[in-house]
Amino acid sequence: MPERLLEVRNLKTYFYLESGESVKAVDGISFDVEKGEGLGLVGESGCGKTTAALSLMRLLPSAGKIVEGKILFKGDDLVKKSEDEMRRIRWKHISMVFQGSMNALNPLIKVGDQIAEAIILHEHGISKKEALNRAAELLELVGIERRRVNNYPFEFSGGMKQRTVIAMALALNPELVIADEPTTALDVIVEAQILGLMRDLKEKLNLSLIMITHDLSIVSEVCNDVAVMYAGMICEYGDLREVYKNPLHPYTAALVRAYPSARGTRRRLYSLPGFPPDLINPPSGCRFHPRCTYATDVCRKEVPDIIDVGGGHYVACHLVRG
Ligand SMILES: Nc1ncnc2c1ncn2[C@@H]1O[C@H](COP(=O)(O)OP(=O)(O)OP(=O)(O)O)[C@@H](O)[C@H]1O
Ligand SMILES: [Mg+2]
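Remember, predicted model here, so these are calculated numbers, not experimental data. (Residues numbered from 1 in each chain as written. Chains lettered and ligands numbered in written order. Predicted model: local features only at pLDDT ≥ 70, side-chain atom pairs only at ≥ 80, totals over all residues. Heavy atoms only, no water.)

(A) Focus on the packing of aromatic side chains. On inspection of all chains with the given rule, the structure shows 7 aromatic pairs. A ring pair is formed by Tyr152 and Phe154, whose centres lie 6.2 Å apart and whose planes are at 10°; its orientation type is stacked. A ring pair is formed by Tyr230 and Phe288, whose centres lie 5.0 Å apart and whose planes are at 85°; its orientation type is edge-to-face. With Tyr230 in strand β9 (residues 225–230) and Phe288 in the loop between α9 (250–258) and α10 (297–301), this residue pair connects regions lying 58 residues apart in the sequence. Taken individually, Tyr230 and Phe288 each receive the classification buried, so the pair is uniform in this respect. Linked through ring pairs, Tyr230, Tyr251 and Phe288 together constitute an aromatic cluster. (Phe/Tyr/Trp six-rings, centres within 6.5 Å; stacked < 30°, edge-to-face > 60°. Helix = DSSP H or I, 4+ residues; strand = E, 2+ residues; numbered from the N terminus. Buried < 20%, exposed > 50% of the residue type's maximum accessible area, 1.4 Å probe, protein only.)

(B) Highlighting the sheet that holds strand β4 (residues 64–73). Read across the open sheet, the 4 strands follow the order β2-β1-β4-β5; overall the sheet is antiparallel. With partners counted over all chains shown, the strands left at the sheet margins are β2 (22–34) and β5 (76–77), one partner each. (Pairing = 2+ DSSP bridges.)

(C) Inspection of the coordination of the magnesium ion (ligand 2) at higher detail. For the magnesium ion (ligand 2), every protein donor is listed as Thr50 (OG1) and Gln99 (OE1), and the spread of their distances is 1.9 to 2.3 Å. Here Gln99 lies in the loop between β6 (94–97) and α3 (111–122) and Thr50 lies in helix α1 (residues 49–57), a separation of 49 residues in the sequence. Look at Thr50 and you get partly exposed, because its relative accessible area is 25%. (Donors = N, O, S within 2.8 Å, 3.2 Å for Na, K, Ca; no water.)

(D) Inspection of the sheet that holds β6 at higher detail. On the basis of which strands lie adjacent, the open sheet formed by 8 strands has the order β6-β7-β8-β3-β9-β10-β12-β11 and mixed pairing. Only two strands of the sheet have a single partner each, and these edge strands are β6 and β11 (307–308). Packing against the sheet, α1 makes contact with β3 (38–42), β6, β7 (176–180), β8 (208–213) and β9, and its axis sits at approximately 145° to β6. (Contact = heavy atoms within 4.5 Å. Axes fitted to C-alpha atoms, helices over the stretch in contact; angles between N-to-C directions.)

Here it is in structure tokens:
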């Protein structure tokens, strides 16, 4: 039996605006991550992926608040932890490669020093020398020669910078790493290399991964399960191959058509018309109904339950009966 590392149950995270309105960025999502396995969290821009990740890390901006739900990490609810307790969990047990972080490396500080600083910040009592040594080991782990610790970020290619921020996330040997759009700014060849690296690290370190992306095809390199998010909710969830082969939600089907193959051409073959909705006043009923060609009256009125259609394949759509 696989060991369950993370269980997220009915998680809701809202942003409270000065106007008094709230953005329902994450509105009742549930998923599991097993030890050593990968989950892809996939959806268009603005559907709440980063908010979900920052909720797991308990690193939300001040306007953001977890309003409901559980984040069980090895059975322990992170929602109930104090900031002090979270400081002992963050980076050591759960870490994150932040969206765009490869471009946030300090240009004036050597790569090795930046990794060492991150280690010193979280591992009290470690000497600078030990931390630098560990930084060199971490660079090697992600496929960069140790001697490059003395380089500045401008001497690194985009792929090497991305490897560096992955190394930083691994610095304290976490069990779960959340990677938020880790390949977005990279060309197709470098993207494939980074995905290969993530797959190798996952195997070698028995890591659990949550990989966030808008591109359904790239998660197949690294993940066994997928959760498709639309407007703050999960519309389809299950084994990645099964969902890819047999997408039941019209939104997932559109994503599959938009990003058809992991190894084939990466032309966008199809583009779903319209935009994701405003999450201050999301549409009634199924949030996807304004863009769905199959929508009927019930879709406009009732929020569909997420149901198991068999074999752990879940879908929230009125057109699909269990
Ligand atoms: N600090 C904030 N204050 C108010 N609203 C926010 C804040 N951060 C995010 N949001 C809103 O929450 C919703 C979800 O945003 P989030 O960044 O989680 O989406 P995402 O799926 O990660 O998108 P992307 O693919 O563009 O990174 C959006 O409507 C966004 O405008
Ligand atoms: Mg994001």
